[in-house]
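# Coordinate analysis (summary)
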Amino acid sequence: PLLVDQIAAGEVVERPSSVVKELLENAVDAGATRIVIDAEEGGGALVRVSDDGGGIPADQLGLALSPHATSKLRDADGLAAIATLGFRGEALASIASVARVRVVSRPPGEELAAAIEQAGGPPGPVAPLAAPAGTTVEVRDLFFNVPARRRFLRAAPTEYGRIAATVQQSAMTHPRVGFRLTHNGRVTLELPAGQDPWERGVAILGRDLDDALLRLDRDEPGWKGASPMRVLALLGRPEIGRASSKFQHFSVNGRPVRDRQLVHALKEAYRGLMPADRQPVAAVHLTLDPAAVDVNVHPTKAEVRFRDAGAAHSLIRAACRERLLAEDL
Ligand code: ADP
Ligand code: MG
């Protein structure tokens, strides 16, 4: 592969879970209603994502694998108001520069699917075949041609754990999409299509916790310096707090994010209600004017930058705290 491709790949593809993240984003962008994710050996041997979305026309399969080819940035204003999850057009190319990739796709209107393979070099020929409508991207032997990076991968259970977390994050922000995850042939997560954010939240945080999860749905009209913000959340009662913050999910405008300010704002909402060494269980979804927040600070690190970070922090804290205090805790 070209050196430049491998450098770019390092930005996007750090480990199997980053492959999963990119492929899930593409499936969601393609309008999938159901996504199946199969992993083997922590994803290092295989990551396969199948969707029933709009597919890729045969004559564009080669293009989809080439760097900076995207079908999603249609005009100059696109960067400011990104509606799709992907937009850089580098994910598939980056993955294909460090793994053996096979893409099979059929737009629903076409009779035949087409397949293409690429393994570190240029893409192979496009071949027709029969397949269901939608797209399957298969990624085998991640970093087969970059031994230094391959060695950097952790043991399969650890890598698999990150994949599961990535799938959960995506599933949390796309409750209408059905998800199924398998590891080494065993089904580890199954979420039906057509759920609402509450049902999906309960399904992921734990059905046994249903009674302990408080619903919050609030529109904050015109908070300081910005347009309205909608806060939709499931907040675990303080007594189900955990030792770790990994039972917290955040999204901003439909993108899963992991952000210290948000974790902090949530923790502050529970101040005095749970022991300081406990962490809230929660799913918090924020919707606001895309111009008031940058969720694309870095392609892999899911940070957010609010135009007015202080205002966002206090609004989220106050909304969550008020909901908690409204309950007889
Ligand atoms: P980006 O998502 O930034 O556009 P990618 O490299 O992830 O870039 O994908 C390149 C292009 O391939 C996309 O713009 C899209 O047109 C097409 N594509 C990739 N995955 C899928 C999919 N699952 N379904 C339909 N089209 C896809
Ligand atoms: Mg993409």
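Scroll up for the structure.
First things first, this report covers the structure right here in the doc. Given the structure is predicted, the values throughout are model-derived calculations rather than measurements.

Let us now look at the overall build of the protein chain. In terms of regular secondary structure, the protein chain is built from nine helices and 15 strands. Expressed as a percentage of its 329 residues, the buried residues of the protein chain come to 40%. Expressed as a percentage of contacts within the protein chain between residues at least 6 apart in sequence, the contacts between residues at least 24 apart total 67%.

This part is about the nonpolar core. By size, the foremost hydrophobic cluster in this structure holds 80 residues, and its most contacted members are Val 20, Ile 35, Val 49 and Ile 95. With six residues, helix H2 (residues 16–29) is the single largest residue contributor to this core.

So, about H2. For the α-helix, the turn length of 3.6 residues means that residues three or four positions removed from each other point alike. In this model H2 runs 20 Å from its N-terminal to its C-terminal C-alpha over 14 residues, within 8% of the 20 Å that 1.5 Å per residue would give. The element H2 is extensively covered by neighbouring structure, given that 12 of its 14 residues are classed as buried. Buried within H2 are the following residues: Pro 16, Ser 17, Ser 18, Val 19, Val 20, Lys 21, Glu 22, Leu 23, Leu 24, Asn 26, Ala 27 and Val 28. One or two residues past the end of H2 sits Gly 31, with phi positive at roughly 80°.

Two elements in contact, helix H6 (residues 156–173) and helix H7 (residues 197–205), have axes separated by 9 Å at closest approach and are oriented at 160°. Classified by the angle between their axes, H6 and H7 sit roughly antiparallel to one another. Handedness of the crossing formed by H6 with H7: left-handed. Residues Gln 168, Ala 171 and Met 172 of H6 form the contact with H7, whose participating residues are Arg 200, Gly 201 and Ile 204. Its residues assigned to classes, the contact of H6 with H7 shows three nonpolar, two polar and one charged.

Okay, the sheet that holds strand S12 (residues 255–257) next. In spatial order, the strands read S9-S10-S13-S11-S12; together these five strands make up an open sheet with mixed pairing. Of all strands in the sheet, those with a lone pairing partner are strand S9 (213–220) and S12, marking the two edges. Sheet twist, expressed as the average angle between the axes of neighbouring strands with direction ignored, equals 15°. Of the strand pairs in this sheet, strand S11 (residues 248–252) and S12 are connected by three bridges, and their pairing is antiparallel. Bridge assignment links Ser 251 to a residue of S12, and that residue is Pro 256.

Attention now goes to the sheet that holds strand S1 (residues 34–40). Read across the sheet, eight strands follow the order S5-S4-S3-S6-S2-S1-S7-S8 without closing on themselves; strand pairing throughout is mixed. For this open sheet the edge positions go to strand S5 (127–129) and strand S8 (186–191), each flanked by a neighbour on one side alone. Each neighbouring strand pair of the sheet contributes to a mean axis angle of 15°, computed without reference to strand direction. Across the sheet, H6 lies against S1, strand S7 (178–183) and S8, angled at about 175° from S7, the strand it touches most.

What follows deals with unusual backbone geometry. Its identity as a non-glycine residue notwithstanding, Asp 141 has a phi of 55°, on the positive side. Considering the arrangement of structural elements, one finds Asp 141 in the loop between strand S6 (134–140) and helix H5 (147–152). We classify Asp 141 as partly exposed; it has 16 C-beta atoms within 10 Å. A positive phi angle is found at Asn 253, which is not glycine, with a value near 50°. Looking at the element boundaries, Asn 253 is found in the loop between S11 and S12. Under the C-beta neighbour-count criterion, Asn 253 is labelled partly exposed, with 18 such atoms within 10 Å.

Turning to the pairing of S7, a few remarks are in order. In S7, alternate side chains face the same way, and those of Phe 179, Leu 181 and His 183 are buried while those of Gly 178, Arg 180 and Thr 182 on the opposite face are not. Note that S1 and S7 share six bridges and pair parallel. Note on S7: the bridge partner recorded for Ile 35 is Phe 179. Of the strand pairs in this sheet, S7 and S8 are connected by five bridges, and their pairing is antiparallel. Following the sheet pairing, Thr 182 is matched in S8 by Val 187. In sequence, S7 turns back onto S8 through a hairpin of two residues, with Asn 184 there showing a positive phi of about 50°.

Before going further, it helps to spend a moment on the environment of Gly 185. Tracing the chain through its elements places Gly 185 in the loop between S7 and S8. When the C-alpha atoms of Gly 185 and Asp 217 are compared, they prove to be 38 Å apart, with 32 residues separating the residues in sequence.

A few words now on helix H9 (residues 309–325). The end-to-end C-alpha distance of H9, which contains 17 residues, comes to 24 Å, matching closely the 24 Å that a straight helix rising 1.5 Å per residue would cover. Along H9, the residues that are buried comprise Ala 312, Leu 315, Ile 316, Ala 319 and Cys 320. Buried residues along H9 cover an arc of 115° about the axis, so they all sit on one side. Among the exposed residues of H9, those pointing more than 90 degrees away from its buried face are Gly 310, Glu 322 and Leu 325. Contact partners of the buried residues in H9: S9, strand S10 (229–236), helix H8 (260–269) and strand S15 (305–306).

How each quantity is defined
- Residue numbers run consecutively from 1 along every chain, following the written order of its sequence.
- Key to labels: chains lettered from A, ligands numbered from 1, both in the order written.
- Only residues with pLDDT of at least 70 are given local features in this predicted model, and only at 80 or more are side-chain atom pairs given and counted; all residues enter the totals for whole chains, interfaces and linings.
- Each helix corresponds to a stretch of at least 4 residues labelled H or I by DSSP, and each strand to a stretch of at least 2 residues labelled E; elements are numbered beginning at the N terminus.
- For every residue, the other C-beta atoms within 10 Å of its own C-beta are counted; 20 or more classify it as buried, 12 or fewer as exposed, and values in between as partly exposed. C-beta atoms are placed from the backbone.
- Note on contacts: each residue gets a C-beta atom placed from the backbone, and two residues are in contact if those atoms are within 7 Å.
- Under the definition applied here, buried Ala, Val, Leu, Ile, Met, Phe, Trp, Tyr and Cys residues are grouped into a nonpolar core through C-beta atoms within 7 Å.
- How far a helix is expected to stretch is found by multiplying one less than its residue total by 1.5 Å.
- To define axes, lines are fitted to C-alpha atoms, for helices over the stretch in contact only, and angles between the resulting N-to-C directions are given on a 0 to 180 degree scale.
- Any angle from 65 to 115 degrees is called roughly perpendicular, while one under 35 is roughly parallel, one over 145 is roughly antiparallel, and all others are oblique.
- For any pair of crossing helices, the crossing counts as left-handed if the nearer helix is rotated counterclockwise from the farther one by less than a right angle, and right-handed if it is rotated clockwise.
- Under the convention adopted here, Pro, Cys and the residues Ala, Val, Leu, Ile, Met, Phe, Trp and Tyr are nonpolar, Asp, Glu, Lys and Arg are charged, and Gly plus all remaining residues are polar.
- A pair of strands is treated as paired once DSSP finds two or more bridges between them.
- Arc, as used here, means the arc of the directions from the helix axis to the C-beta atoms.

Limitation: the analysis is restricted to geometry and does not speak to function.
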